[in-house]
Amino acid sequence: MAKRQSKNDSSQVKAILQANDQQRSDNDKPEKELNSKENSSQPSCSSSSSGQCSEKDLTDFTSSYSSGPCNTKDIQSTSARSLSPGHVRSRSPEVADLPMRTQKEEVKSSCCQLDDLKRLPHCYVSLGKLHFSRTHTVLIDVSLFNCGARLVPQEGRDLWHSNFVKMPCSQAVNHGGPSQVSRWKLISKQLSTLARKTTVSVNDVATAIVEYNPKYKDRWSFDALETFVKRVPKTENYFNTLFPKIAALALRLPEQIKKAVPLLQRGHSAAITLSQVQISCLLANAFFCTFPHRNTSRPNAEYNNYPSINFTSLFGNWSERKKEKLRAIMHYFNVVTNENTKLEGLVTFERYCLRDTDMPSWKRSTEKLHKLYVASCGSIETEGTGLLQVDFASSWIGGGVLSSGLVQEEILFLINPELIVSRLFTEKLADSECLIITGSQQFSCYSGFGDSFEWAGPHEEYLERDVWARLKRQILAIDALHFKNSREQYSMMKITRELNKAYCGFKGQHGQEEPDIATGKWGCGAFNGDPQLKAVIQLMAAAKTRKGLAFFTFGDEHLERSLQQIHHLLVTEEVTVGELYRLLENYCFDLHKPGGLHLFDFIRKAIRSLRSQL
């Protein structure tokens, strides 16, 4: 804790605290309104495209409050708070209580080592026996599983209902025509023909798919799949013999999925647990584009608020990106269709919705920053093993994994293809929702990013399993806002939304000791987020949930150093989450002025300027 100042210094601080309240903006908004909608009269931050505040603003900001009345009662009230050594009123839209130190700022880091963070399997999470409930659907026989038997699909009813996945093998699906042949019989006929062959060409695959999707015969292209098979070297080209195996796997759907699969819908916290075999069977059907009502995204379409699941967009419009994507996907199918492969695990997909009553009061939060490990080398999925791994998600889960997208989320879904099945039942995420996937298996290694991405061969899985037979890997999908204009992010409405989104994911859903978090430049890159602002937001959310943070900057050494420095300053000054929130208000309020500082420089200079008044 920072060393306390003398009473004279405290008196000076209190004089600053009592400074002219009329400097506050007439455009003040209560924090709860920031959680709902932005006031159109709030001062705009849009004139500074780089997200900076000027040094002159900081001088004005501090010199405006150099005098004012003070009394002993006020001083005692201030000292009663666990803050060092005083708090300053700013001219922002709200009072910004900012802690200060008078001794020279230390240069050593307050960051921890990676091994200091809590991770699976060392965190103790008491699961008890596997069970189903009104909000937890389990697609395997729970009684047999808890007795130690092998995984057996749970018996149940087929439902053709808007709250459930409409399955291709449902008896309710009919393909129109004089004979009223069920659509699944059409699919079965085509796939059985492929499964009986020793080798199958891309043309055979395409012919089968359009046979039961006739309206798309002249609209779907398979040129990417065809070019892929032609260009991959012979030593790696096993695809003509793999296609029949995928077809055979898809045909097992009725025996593997025997009960209705609920949709994870907006506004409802719910979970689905299914076996790895069941996932492989569903993905084989996605490969052969069998899911009904899932081939259009028109506004009036039944599943217009869900991501695509059929693989048609992956098969058309050849590119080098598609080649590497297909290498990863085909490797997955090559593994799961191998008779020597034993898929013996379960995977849980849990949608969590943060209720309005659970939203934090950020301005009044008293938590101080928690542990931070930051590195420019390493990755979330490797060095972050055992931590809660953040997926920089799209609100449409999986993003462009089945099209041309190839950034962090898409790569994650390619090396862990079991994640793709979440697109079948997960509705678009709302602002206060996240998706947590527990137990998915990594099948591939990779190198590069975007256009430089390359499939780098098989991954050998070594993780332990929990008592529910899930690999001890947790992936958290949280979607950041996408700013077409980067200036839009410097408003407290947007910042509060991002804080609530991160808090929703970091919070932990079961009230037990859970792993710390592995993250990085969430919402930056293609989403145009400010890396410094997003880092502060995640630090605040982690502090609020009392979680440590491993932050990987993906080669950005400047961000690594500056984040270490600003974290050290905030820790040694004992800045609380609430004080940091008010400092962000100051930053956004002053950004409409020309010229200026990046966020970390603003924080650093604000604290130094405030110190100089003691």
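Residues numbered from 1 in each chain as written. Predicted model: local features only at pLDDT ≥ 70, side-chain atom pairs only at ≥ 80, totals over all residues. Heavy atoms only, no water.

The following threshold applies: UniProt positions are given in the numbering used here, feature names are shortened, and annotations may be inferred rather than shown by experiment.
As recorded in an unreviewed UniProt entry, the protein goes by the name poly(ADP-ribose) glycohydrolase, listed as coming from Amphiprion percula. In its Sequence similarities (unreviewed entry) section, the UniProt record describing the protein reads: "Belongs to the poly(ADP-ribose) glycohydrolase family."

## Regarding the overall build of the protein
Convention followed: Numbering of helices and strands starts at the N terminus; helices are DSSP runs of H or I of at least 4 residues and strands are runs of E of at least 2. Buried means the residue's accessible area, taken with a 1.4 Å probe over protein chains only, is under 20% of the maximum for its type, while exposed means over 50%, and partly exposed covers the values in between. Whether two residues are in contact is decided by their heavy atoms: any pair within 4.5 Å suffices. Accessible surface is estimated by sampling points in the Shrake-Rupley manner with a 1.4 Å probe; for residues, cover comes only from the protein chains shown.
Counting its regular elements, the protein contains 20 helices and 11 strands. Per-residue burial over the protein gives 58% buried out of 614 residues. In the protein, the proportion of contacts linking residues at least 24 apart, taken out of those at least 6 apart, comes to 79%. Total accessible area on the protein stands at roughly 25700 Å², and carbon and sulfur atoms take up 47% of it.

## Brief notes about the packing of helix α17 (residues 531-544) against helix α18 (residues 557-572)
This is how the line gets drawn: Only the contacting stretch of a helix is used when fitting its axis, a line to C-alpha atoms as for every element, and angles between N-to-C directions run 0 to 180 degrees. Each angle gets one of four labels, with under 35 degrees taken as roughly parallel, over 145 as roughly antiparallel, 65 to 115 as roughly perpendicular, and the rest as oblique. For a crossing to be left-handed, the near helix must be turned anticlockwise from the far one by less than a right angle; the clockwise case is right-handed. Residues are sorted three ways: Asp, Glu, Lys and Arg are charged, Ala, Val, Leu, Ile, Met, Phe, Trp, Tyr, Cys and Pro are nonpolar, and all the rest, Gly among them, are polar.
With their axes 11 Å apart at the nearest point, α17 and α18 run at an angle of 45° to one another. Overall, the two elements α17 and α18 adopt an arrangement that is oblique. Here α17 runs over α18; the crossing is right-handed. Residues Pro 531, Gln 532, Ala 535 and Leu 539 of α17 pack against Leu 559, Leu 563 and His 567 of α18. Tallied by class, residues from the contact of α17 with α18 come to 5 nonpolar, 2 polar and no charged.

## Focus on helix α7 (residues 202-211)
Those residues of α7 that sit buried are Val 202, Val 205, Ala 206, Ala 208, Ile 209 and Val 210. Those residues of α7 that are buried are in contact with α6 (183-196), α8 (223-231), α9 (239-250), α11 (276-287) and α12 (312-315).

## Describing the sheet that holds strand β2 (residues 270-275)
Test applied: The pairing criterion is simple: DSSP has to find at least two bridges between the two strands.
Here we have 9 strands laid out as an open sheet, ordered β1-β2-β3-β6-β9-β5-β10-β11-β4, and mixed in their pairing. Two strands bound the open sheet, and with one partner strand each, they are β1 (136-138) and β4 (372-375). Across the sheet, the mean angle from the axis of one strand to that of its neighbour is 20°, orientation sign disregarded. Pairing between β1 and β2: 3 bridges, direction parallel. If you follow Thr 137 over to β2, its bridge partner there is Ile 272. Along the sheet face, α11 touches β2 and β3 (346-353) and points at about 90° away from the line of β2. Across the sheet, helix α14 (residues 408-415) is in contact with β5 (388-393) and β9 (474-479); its angle to β5 comes to roughly 120°.

## Quick notes on the environment of His 131
Which entries qualify depends on this criterion: N or O atoms within 3.5 Å of each other form a polar contact, as long as, within protein, one can give a hydrogen and the other can take it, and as long as residues adjacent in sequence are counted only when both atoms are side-chain atoms.
Along the polypeptide, His 131 turns up in the loop between α4 (72-79) and β1. Taking the C-alpha atoms as reference points, His 131 and Val 142, 11 residues apart in sequence, are found 6.4 Å from one another. Beyond its immediate sequence surroundings of up to four residues, His 131 is in contact with His 136, Val 138, Val 142 and Trp 468. Looking at His 131, its side chain comes within polar contact range of the main-chain oxygen of Lys 129, at 3.0 Å.

## What about the nonpolar core?
Basically, it comes down to this: Residue types Ala, Val, Leu, Ile, Met, Phe, Trp, Tyr and Cys, when buried and joined through side-chain atoms within 4.5 Å, form a set referred to as a nonpolar core.
In this structure, Phe 243, Phe 287, Phe 288, Phe 311, Phe 333 and Phe 425 are the most contacted members of the largest nonpolar core, which totals 85 residues. Those residues in contact with Phe 425 that lie beyond four places of it in its chain are Val 165, Val 261, Pro 262, Leu 263, Leu 264, Ile 272, Tyr 306 and Phe 349. Among the nonpolar cores identified, the runner-up in size contains 66 residues, and Leu 476, Tyr 581, Leu 583 and Cys 588 belong to it.

## Let's talk about the state of the cysteines
Put simply, the rule reads: Note on terminology: disulfide denotes any pair of cysteine sulfur atoms within 2.5 Å.
Per the counting criterion, the structure on display carries 0 disulfides. Of the cysteine sulfurs around Cys 111, a residue in no disulfide, the closest is that of Cys 112, at 7.0 Å. Of the residues examined, Cys 111 reaches a relative accessible area of 18% and is grouped as buried.

## A short note on the pattern of salt bridges
As a reminder, the rule being used: Salt bridges, as used here, are contacts in which a Lys or Arg side-chain nitrogen is within 4 Å of a carboxyl oxygen on Asp or Glu.
Overall, the coordinates contain 25 salt bridges when judged by the stated rule. Residues Arg 252 and Glu 255 are paired through a salt bridge, measuring 3.5 Å at the closest nitrogen-oxygen approach. Overall, Arg 252 belongs to the partly exposed group, its relative accessible area being 31%. Classification of Glu 255 by relative accessible area gives partly exposed; the value is 44%. Between Asp 601 and Arg 604 there is a salt bridge; the shortest N-O distance is 2.9 Å. Linking Asp 601 with Arg 604, this pair stays in helix α20 (residues 599-611), spanning 3 residues, or about one helical turn. Linked by salt bridges that have partners in common, Arg 231, Glu 236, Glu 320, Lys 323, Glu 324 and Arg 327 make up one network.

## Considerations on the packing of aromatic side chains
Rules: In this scheme Phe, Tyr and Trp rings, the latter by its six-membered ring, pair at centre separations within 6.5 Å, and the angle between planes marks the pair as stacked below 30 degrees, edge-to-face above 60, and tilted otherwise.
Under the counting rule described, the total for this entry stands at 20 aromatic pairs. Taken together, a centroid distance of 4.5 Å and an interplanar angle of 10° make the contact between Tyr 216 and Trp 220 stacked. As far as burial versus exposure is concerned, Tyr 216 and Trp 220 are alike and both buried. Plain terms: the ring middles of Tyr 303 and Tyr 306 are 5.6 Å apart, the flat faces sit at 75° to each other, and that makes the pair edge-to-face.

## Things to note about the pairing of strand β10 (residues 517-520)
The side-chain alternation of β10 yields two buried faces, one formed by Ile 517 and Thr 519 and the other by Ala 518 and Gly 520. Here β5 pairs with β10 via 2 bridges, running parallel. Paired with Gln 389 across the bridge in β10 is Ala 518. For β10 and strand β11 (residues 549-552), the ladder comprises 4 bridges, and the chain directions are parallel. Looking across to β11, one finds that Ile 517 is bridged to Leu 549.

## As for the pairing of β9
Most of β9 sits out of view: 6 of its 6 residues are buried. Here β9 shows no split at all, with Gln 474, Leu 476 and Ile 478 on one side and Ile 475, Ala 477 and Asp 479 on the other all buried. With 6 bridges connecting them, β5 and β9 associate as parallel partners. Among the inter-strand pairings, Phe 392 is bridged to a residue of β9, identified as Ile 478. As judged from the 4 bridges shared by strand β6 (residues 433-438) and β9, these two strands associate in the antiparallel manner. Across the sheet, the residue bridging to Leu 435 is Ala 477, located in β9.

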